Amino acid sequence: MIYSAWIRQLQSLTIVIFTFIISAQTDVPRPRGVSLSKASLYSPTKDFTCFDGTSTIPFSYVNDDYCDCFDGSDEPGTAACLNGVFYCTNAGHRPQNIPSSRVNDGICDCCDGTDEYATPGRCSNICEELGKEARAKAQQLADLHKSGNHIRLELIEKGNKKRSEMALQLLQLEKDKAEAEIIKNEKEVLKSELEAKENEALQVYRDAEEKDRQRKAELERQQQETEASEQFARFDSNSDGVLTTDEIKVVNVFDKNKDGEVDQEEILHFFGDKDSVNMEDFMSTTWPMVKPLLMLDQGMFRPAVKEEDDEPEVDEEEETQRVEDTEDVGGDDENIEEIPHDDADEQDIEPEQSRAYDDETQKLIDEATEARRQLTDAERTVREIESNIRTFQQNLEKDYGLQQEYATLDGQCLEYEDKEYIYKLCLFQRVTQKSKNGGMEVGLGEWGEWAGREGNKYSVMKYTNGMACWNGPSRMSIVNINCGLESKLTSVTEPFRCEYKIELTTPAACDDSNLTQEATHDEL
Ligand code: MAN
């Protein structure tokens with residue numbers, strides 16, 4: 001214990017010497033590894049308080065190679081604290097903060113070599129050289145931003161013009177919509193009036209039709225009745241007004257299965273559970289069943305051929321002849337469709353003809369038709385204007401940058417080709433991917449939002465809700481934006497499956513006013 005205290009004192013002494021070795025390059029005395037901005041927190045005449053305020057220690061403990069503060073603030077110039085930070089001044093280049101664990105680890109981290117002070121000469125000071133390179137690059141970037149900024153200013157002007165034009169167009173569209181709605185309402189009124197007249201005129205025809213239908217139905221009913229009573233009289237051989245089982249047993253038509261006799265089952269079929277039927281029962285029950293059979297017997301009625309097995313048996317010779325005939329015509333059996341031909345069917349088809357109306361009615365119909373057409377047109381016009389209004393509103397709501405510098409780029413499409421795909425970014429709209437081997441276009445995202453980090457919101461665009469990835473989420477694209485003299489895509493990659501990273505350069509991103517100055521800015 002005593003020994004370790006002695007060691008610690010010895011260390012302190014050595015380090016105190018280091019502490020007071022103030023970098024020859026600096027004007028402000030500060031312990032090793034401390035930045036100029038924090039120099040005032042390390043005063044050799046006062047005790048040192050850890051940055052986190054947890055303890056205050058004698059100044060001699062600073063950089064004594066023993067970690068006293070939880071936050072590592074007492075050991076900026078040694079590797080004693082795991083969380084310490086070493087500051088390299090890097091005169092001639094950018095100053096740098098490195099984890100103090102890298103101090104004296106044999107690797108040159110700072111370009112001025114100060115992190116390896118325990119081995120003088122191990123690291124040469126290359127800051128001037130690096131600084132020069134960095135300054136040249138920064139100058140290039142500054143020049144690019146300067147040239148690009150001219151184009152950007154034009155874009156801003158055009159963007160603002162476009163937006164004010166759009167605002168004016170929107171106003172005009174609102175006016176157009178109001179007018180179109182007035183016209184639509186007028187057309188609606190006109191249509192109702194003309195349709196009322198049309199309806200009134202047509203009602204005369206409908207009434208006449210209905211009367212005609214009723215008359216025909218009545219006629220039909222009477223015919224049925226006459227026919228039924230005539231047949232009843234024929235079957236009722238003793239003319240007693242009642243049809244008995246004995247009476248129908250001798251009538252062929254009641255022999256449904258044509259086996260030569262009218263059996264009990266057939267009687268049951270035509271009479272129900274009765275032994276006899278009177279005229280009234282006959283009309284309602286028996287006659288509807290007998291009539292088709294009578295017609296069949298008289299060859300007036302042919303039942304429809306439904307099932308294949310219902311097909312009439314064909315004489316083999318006849319069939320052979322038929323097939324031969326068909327083949328003669330050059331037909332292939334399989335391709336021949338048999339078209340059923342039934343004259344009776346033809347009679348059922350009503351000609352599809354419009355009725356003839358008197359001139360006055362026809363005129364009213366034509367006027368109402370025209371009014372309907374005009375209303376449809378007026379409604380379509382209103383819908384089209386509304387859709388335009390929505391598009392203008394959506395565009396006016398879009399964030400085109402602080403000064404509208406991106407407004408004219410809306411809808412502009414840029415392409416990028418790699419070995420496999422052609423990518424297309426239509427700004428503020430969508431991103432797509434098309435395989436060079438064909439196939440359909442795959443959506444990689446619809447315009448979503450600006451997603452740059454705070455202070456630099458307009459440096460990143462996000463396009464989301466693309467086509468679903470197989471067994472995964474929807475595809476999405478991130479567009480990183482940098483200054484360039486023309487708008488173009490410089491790379492497209494897919495760092496994660498179905499997540500695409502697009503690099504876009506555009507003059508809209510060139511801004512020489514807030515360009516961070518890359519230079520010999522250090523704290524000396
Ligand atoms: C397609 C392309 C690729 C994507 C895969 C995912 O092949 O859209 O970019 O990685 O689908 O299945």
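Residues numbered from 1 in each chain as written. Predicted model: local features only at pLDDT ≥ 70, side-chain atom pairs only at ≥ 80, totals over all residues. Heavy atoms only, no water.

For the protein chain, an unreviewed UniProt entry supplies the name Glucosidase 2 subunit beta and the organism Pararge aegeria aegeria.

Chemist: Lay out the site of the ligand with the relevant residues and their values.
Modeler: In the neighbourhood of the ligand, the contacting residues comprise Tyr421, Gln433, Cys469, Arg475, Glu494, Arg497, Cys498 and Tyr500. In the model, an oxygen atom of the ligand is placed 3.3 Å from a nitrogen or oxygen of the Tyr421 side chain. In the environment of the ligand, an oxygen atom lies 2.7 Å from a nitrogen or oxygen atom belonging to the side chain of Tyr500. Protein chains shield 70% of the accessible area of the ligand, which is 310 Å² for the free molecule. The residue makeup of the shell around the ligand, split by class, is 4 nonpolar, 1 polar and 3 charged. (Near = heavy atom within 4 Å. Polar contact = N/O pair within 3.5 Å; in protein donor to acceptor, adjacent residues only side chain to side chain. Areas by Shrake-Rupley, 256 points an atom, 1.4 Å probe, with all protein chains shown as cover. Nonpolar A, V, L, I, M, F, W, Y, C, P; charged D, E, K, R; others polar.)

Chemist: I'd like to hear about the packing of helix α2 (residues 127-235) against helix α8 (residues 359-397), residue by residue, with values.
Modeler: Two packed helices can be described by the angle between their axes and the distance between those axes. It is at 7 Å that the axes of α2 and α8 come closest, and there the two elements cross at 160°. Relative to α8, α2 is oriented roughly antiparallel. When you trace α2 past α8, the crossing you get is left-handed. (Axes fitted to C-alpha atoms, helices over the stretch in contact; angles between N-to-C directions. Helix = DSSP H or I, 4+ residues; strand = E, 2+ residues; numbered from the N terminus. Parallel < 35°, antiparallel > 145°, perpendicular 65-115°, else oblique. Left-handed = near helix turned anticlockwise from the far one by under 90°.)

Chemist: Can you break down α2 residue by residue, with the values?
Modeler: Taking 1.5 Å of rise per residue, the 109 residues of α2 would be expected to cover 162 Å, yet its terminal C-alpha atoms sit only 129 Å apart, more than 12% below that figure. Along its length, α2 shows its largest kink, about 30°, at Asn149. (Expected span 1.5 Å × (residues − 1). Bend = angle between axes of the 7 residues up to and from the residue.)

Chemist: Tell me about the packing of helix α4 (residues 264-271) against helix α5 (residues 279-297), residues and numbers included.
Modeler: Contact geometry for α4 and α5: axes closest at 8 Å, N-to-C directions at 120°. When the axes of α4 and α5 are compared, the pair comes out oblique. Packed against α4, whose contacting residues are His269, Phe270 and Phe271, the element α5 presents Thr286, Met289, Val290 and Leu293 at the interface. Taken together, the residues of the contact of α4 with α5 break down into 5 nonpolar, 2 polar and no charged. (Contact = heavy atoms within 4.5 Å.)

Chemist: How would you summarise the state of the cysteines if you had to cite specific residues and measurements?
Modeler: By definition, a disulfide links the sulfur atoms of two cysteines through a covalent bond. Counted by the stated rule, this structure contains 8 disulfides. Between the sulfur atoms of Cys483 and its disulfide partner Cys510 the distance amounts to 2.0 Å. Here the S-S torsion is close to 90°, and the disulfide linking Cys483 with Cys510 is therefore right-handed. Of this pair, Cys483 sits in strand β12 (residues 476-483) while Cys510 sits in the segment after β14 (499-506), and the two are 27 residues apart along the sequence. (Disulfide = S-S within 2.5 Å.)

Chemist: Give a description of the pattern of salt bridges that names residues and reports values.
Modeler: When their charged atoms lie close together, side chains carrying opposite charge are able to pair. Throughout the structure, instances matching the rule amount to 25 salt bridges. Across the salt bridge formed by Glu210 and Arg213, the nearest N and O atoms sit 2.8 Å from each other. One end of the pair is Glu210 and the other is Arg213, both in helix α2 and 3 residues apart, which spans about a single turn. Classification of Glu210 as partly exposed rests on a relative accessible area of 32%. Here Arg380 and Asp377 are joined by a salt bridge, their closest N and O atoms 3.4 Å apart. Of this pair, Arg380 and Asp377 both sit in helix α8, 3 residues apart, which is roughly one turn of that helix. (Salt bridge = Lys/Arg side-chain N within 4 Å of Asp/Glu carboxyl O. Buried < 20%, exposed > 50% of the residue type's maximum accessible area, 1.4 Å probe, protein only.)

Chemist: Would you mind going over the side chain of Gln231 in detail, with residue names and values included?
Modeler: In this fold, Gln231 is placed in helix α2. If near-sequence neighbours (up to four positions away) are discounted, Gln231 is found in contact with Trp287 and Leu294.

Chemist: A description of the environment of Glu360 should follow, citing residues and the corresponding values.
Modeler: Mapped onto the secondary structure, Glu360 falls in helix α8. We classify Glu360 as partly exposed; its relative accessible area is 48%. As for Glu360 and Ala201, which are separated by 159 residues in sequence, their C-alpha atoms are 8.5 Å apart.

Chemist: Break down the sheet that holds β12 for me, with residues and values.
Modeler: Strand order in the open sheet formed by 8 strands is β7-β8-β9-β10-β11-β12-β14-β13, with mixed pairing between adjacent strands. Sheet topology places β7 (413-417) and β13 (488-496) at the edges, where each strand pairs with a single neighbour. Geometrically, the sheet is characterised by an average inter-axis angle of 25° between neighbouring strands, direction not taken into account. (Pairing = 2+ DSSP bridges.)

Chemist: An account of the environment of Arg122 is requested, with residue identities and associated values reported.
Modeler: Tracing the backbone shows Arg122 in the loop between β4 (96-99) and α2. For the pair Arg122 and Ile107, spaced 15 residues apart in sequence, the C-alpha to C-alpha distance is 8.8 Å.

Chemist: Talk me through the packing of aromatic side chains; I want residue IDs and the actual numbers.
Modeler: In this structure the tally under the stated criterion is 18 aromatic pairs. Grouped by ring-pair contacts, the aromatic residues Tyr400, Tyr406, Phe428, Trp447, Trp450, Tyr458 and Tyr463 constitute a single cluster. In this structure, Arg32 is placed above the aromatic ring of Tyr117, and the distance from its NZ or CZ to the ring centre is 3.7 Å. (Phe/Tyr/Trp six-rings, centres within 6.5 Å; stacked < 30°, edge-to-face > 60°. Lys NZ or Arg CZ within 6 Å of the ring centre and 35° of its normal.)

Chemist: How would you explain the nonpolar core if you had to name every residue and give the values?
Modeler: Ranked by internal contacts, the top residues of the largest apolar core, which has 28 residues, are Tyr406, Leu427, Phe428, Trp450, Met461, Tyr463 and Val479. Of the residues forming this core, the biggest block, 4 residues, is contributed by strand β10 (residues 442-450). Not counting chain neighbours up to four residues away, the residues in contact with Met461 comprise Leu427, Phe428, Trp447, Glu449, Trp450, Ser477, Ile478, Val479 and Ile481. In terms of nonpolar packing, the next biggest core, distinct from the first, is built from 17 residues, Val253, Phe271, Val277 and Leu294 among them. (Core = buried A, V, L, I, M, F, W, Y, C linked by side-chain atoms within 4.5 Å.)

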